[in-house]
Amino acid sequence: MKYKTLLISLLGVFLLSAFYFIIIRKDTSAYSLNGNKDSKAIIKILGEETSTILALQSIETEYEKLNPKVDLQFFPNTYDEAFNKGINDMKHKTGIYDIILQYNFSLAPFVENDYVYLLEDLKNEVPNLDYSFENDILPNFWYELGHYKLNKAASSNYLKVGYPSAALTMLLMYNKPMFEDPDNKKDYKLKFNKELNPPKTWQEFLDIAGFFSKNDTKGVCLEGSSDFLYFEIMNILGDYGGKILATNNGWESNKSTKVVFNSQENKAAFEFFQKLKGFNQGGFSNVEQVEQMKIMKEGKTAMAMVWSDMLYPALMDTISKTWDDRFGFTSLPGNSSLLGGGAYFVSKQTKNKAEVTKFINYVMQSETQIKLSLAGLCSPLKSVYSDERLKVLPYSQALNESLNRAKITLLAGRDATKLKEILVTKVQEYYKGEISLDELLSKTELEIKESRSEYLK
């Protein structure tokens with residue numbers, strides 16, 4: 001009886017082992033990273049769920065057919081989740097993700113802590129690829145989004161960290177039926193002695209916002225929530241010549257960097273911003289980009305400042321492949337635009353350095369960038385915007401113009417998050433009338449100085 005029981009037990013172990021080998025091992029062998037001839041290189045890509053990563057997903061099948069030993073895996077997350085997962089993966093060297101799509105405020109922690117490969121490292125890994133696209137990258141965007149100078153480095157040379165994954169800016173989105181209405185055109189001409197067109201100056205923006213604010217319509221929908229308020233403020237400050245820190249690049253920040261917030265330029269910009277209050281649609285402090293787009297689609301608001309990567313997913317019906325054609329797009333008023341976006345950061349924990357390099361190189365080729373742009377990407381390549389195929393995108397011309405004049409940088413140093421929190425809190429208080437303009441300028445500058453002194457000591 002004992003022998004019979006033992007034989008049954010051994011048979012059970014054998015069958016379980018066979019099951020594991022046939023089913024489990026068969027499943028995982030294709031994704032093994034041990035170099036077997038049948039293995040696949042997994043490339044895991046983490047990023048915020050915007051048109052950038054969604055566009056990359058559109059070429060997944062195509063790329064895997066061309067490269068059958070590669071398995072692309074995308075991980076779209078919310079803004080906060082993408083940031084936290086990315087920084088934790090780098091910090092703890094867990095190597096969960098091979099490529100992290102992040103914005104330029106990640107340059108400082110990623111490079112200073114030696115978390116990511118430099119472009120030189122990647123190019124040396126696969127030197128025979130076509131890198132001619134580098135001459136086609138918008139230089140101001142590549143410099144801001146993919147370069148970095150180590151604080152401890154005595155050399156004046158800037159490190160090339162990554163290629164831009166997207167060149168983002170903010171555009172003016174306007175309600176075409178409201179602007180094209182004959183009665184509105186007639187009334188505006190009588191009042192201002194000029195034609196009703198999308199504004200070219202901030203004064204025209206203010207005039208048009210006031211003009212449309214009557215009955216149940218409003219002239220503008222401002223984003224007053226968190227980072228989104230910060231972005232709108234930086235647009236206006238930058239075009240008025242104002243700054244927060246005396247830097248040329250957003251990621252430049254050290255102990256000696258001068259705070260220049262309390263200035264006449266910033267004062268003029270905030271005076272203008274406060275005048276928009278009576279013409280605003282929505283709850284302001286709870287309005288971010290998704291809520292703003294919802295308000296615009298209701299059709300009772302004339303204008304909004306919107307991020308370029310919001311347009312495709314918000315206005316394209318992916319099933320019918322048709323646009324919500326009620327809206328037009330142009331550059332924001334003034335002479336300069338916001339310079340935003342991110343880069344392909346390659347983790348030093350990747351087990352597939354060569355395949356990751358090949359994939360990024362493929363993505364950066366002009367023809368691929370055109371395909372990605374038609375799926376919602378805001379391409380960092382200059383030549384893409386002259387391609388006839390992009391004319392189907394109603395915002396492509398406005399995007400091209402804005403990218404070419406973009407020079408307003410965002411805070412991206414080690415203390416950027418804290419400084420943005422201070423700025424947003426104070427501006428919200430000013431907007432609500434809780435503090436005066438002079439208090440906004442003086443108190444914000446003081447808090448920024450104190451915060452930097454503590455943070456950077």
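So, a few notes on the structure that sits alongside this text. Note that the structure is predicted; figures quoted are calculated from it, not measured. (Residues numbered from 1 in each chain as written. Predicted model: local features only at pLDDT ≥ 70, side-chain atom pairs only at ≥ 80, totals over all residues. Heavy atoms only, no water.)

## Brief notes about the overall build of the chain
For step 1, the next point in the chain: The secondary structure content of the chain amounts to 19 helices and 15 strands.
For step 2, the next point in the chain: Within the chain, the proportion of its 457 residues that are buried is 52%. (Helix = DSSP H or I, 4+ residues; strand = E, 2+ residues; numbered from the N terminus. Buried < 20%, exposed > 50% of the residue type's maximum accessible area, 1.4 Å probe, protein only.)

## What to know about helix 12 (residues 264-275)
For step 1, the next point in the chain: Its 12 residues give helix 12 an end-to-end C-alpha distance of 17 Å, which sits within 8% of 16 Å, the value for a rise of 1.5 Å per residue.
For step 2, the next point in the chain: Burial in helix 12 covers these residues: Asn 266, Ala 269, Phe 270, Phe 272 and Phe 273. For helix 12, the angular spread of the buried residues around the axis is 155°, confining them to a single face. For helix 12, exposure combined with an orientation more than 90 degrees from the buried face picks out Gln 264 and Lys 275. (Expected span 1.5 Å × (residues − 1). Arc of directions from axis to C-beta.)

## Regarding the layout of surface pockets
For step 1, the next point in the chain: Of the volumes computed, that of the largest pocket is approximately 580 Å³.
For step 2, the next point in the chain: If you list the elements that add at least two residues to the lining of the largest pocket, you get helix 2 (51-57), helix 4 (79-92), helix 11 (226-239), helix 13 (289-297) and strand 14 (340-346).
For step 3, the next point in the chain: Per element, the largest residue contribution to the lining of the largest pocket is 5 residues, and it comes from helix 11.
For step 4, the next point in the chain: Looking at the lining of the largest pocket, its residues break down into 15 nonpolar, 10 polar and 7 charged. (1 Å grid on protein atoms, 1.4 Å probe; cavity = no way out; pocket = protein on both sides within 12 Å on 5 of 7 lines; lining within 4 Å. Points joined across faces, edges and corners; volume = space filled by probe spheres on them. Nonpolar A, V, L, I, M, F, W, Y, C, P; charged D, E, K, R; others polar.)

## Re the pairing of strand 1 (residues 41-48)
Across a regular strand the side chains alternate sides, sitting on one face of the sheet and then on the other.
For step 1, the next point in the chain: Of all 8 residues that make up strand 1, 7 are buried, and the element is covered over most of its length.
For step 2, the next point in the chain: Here strand 1 pairs with strand 2 (residues 70-77) via 8 bridges, running parallel. Opposite Ile 43, over in strand 2, you have Leu 72 as the bridge partner.
For step 3, the next point in the chain: Two strands pair when backbone bridges link them, and strand 1 and strand 3 (residues 99-103) are joined in this way by 2 bridges, in the parallel orientation. Within strand 3, the position partnered with Leu 46 by the bridge is Ile 100. (Pairing = 2+ DSSP bridges.)

## Quick word on empty space enclosed by the protein
For step 1, the next point in the chain: Enumeration according to the criterion identifies 2 cavities of 30 Å³ or more in this entry.
For step 2, the next point in the chain: By volume, the largest cavity is sized at about 90 Å³.
For step 3, the next point in the chain: What lines the largest cavity is a set of 13 residues, among which Thr 50, Thr 52, Leu 101, Tyr 103 and Ser 165 lie closest to the centre.
For step 4, the next point in the chain: Put simply, the parts of the chain that give the lining of the largest cavity at least two residues each are strand 1, helix 2, strand 3, strand 6 (164-168) and strand 14.
For step 5, the next point in the chain: Considering only residue class, the lining of the largest cavity consists of 5 nonpolar, 7 polar and 1 charged.
For step 6, the next point in the chain: For the second largest cavity, the calculated volume is near 80 Å³.

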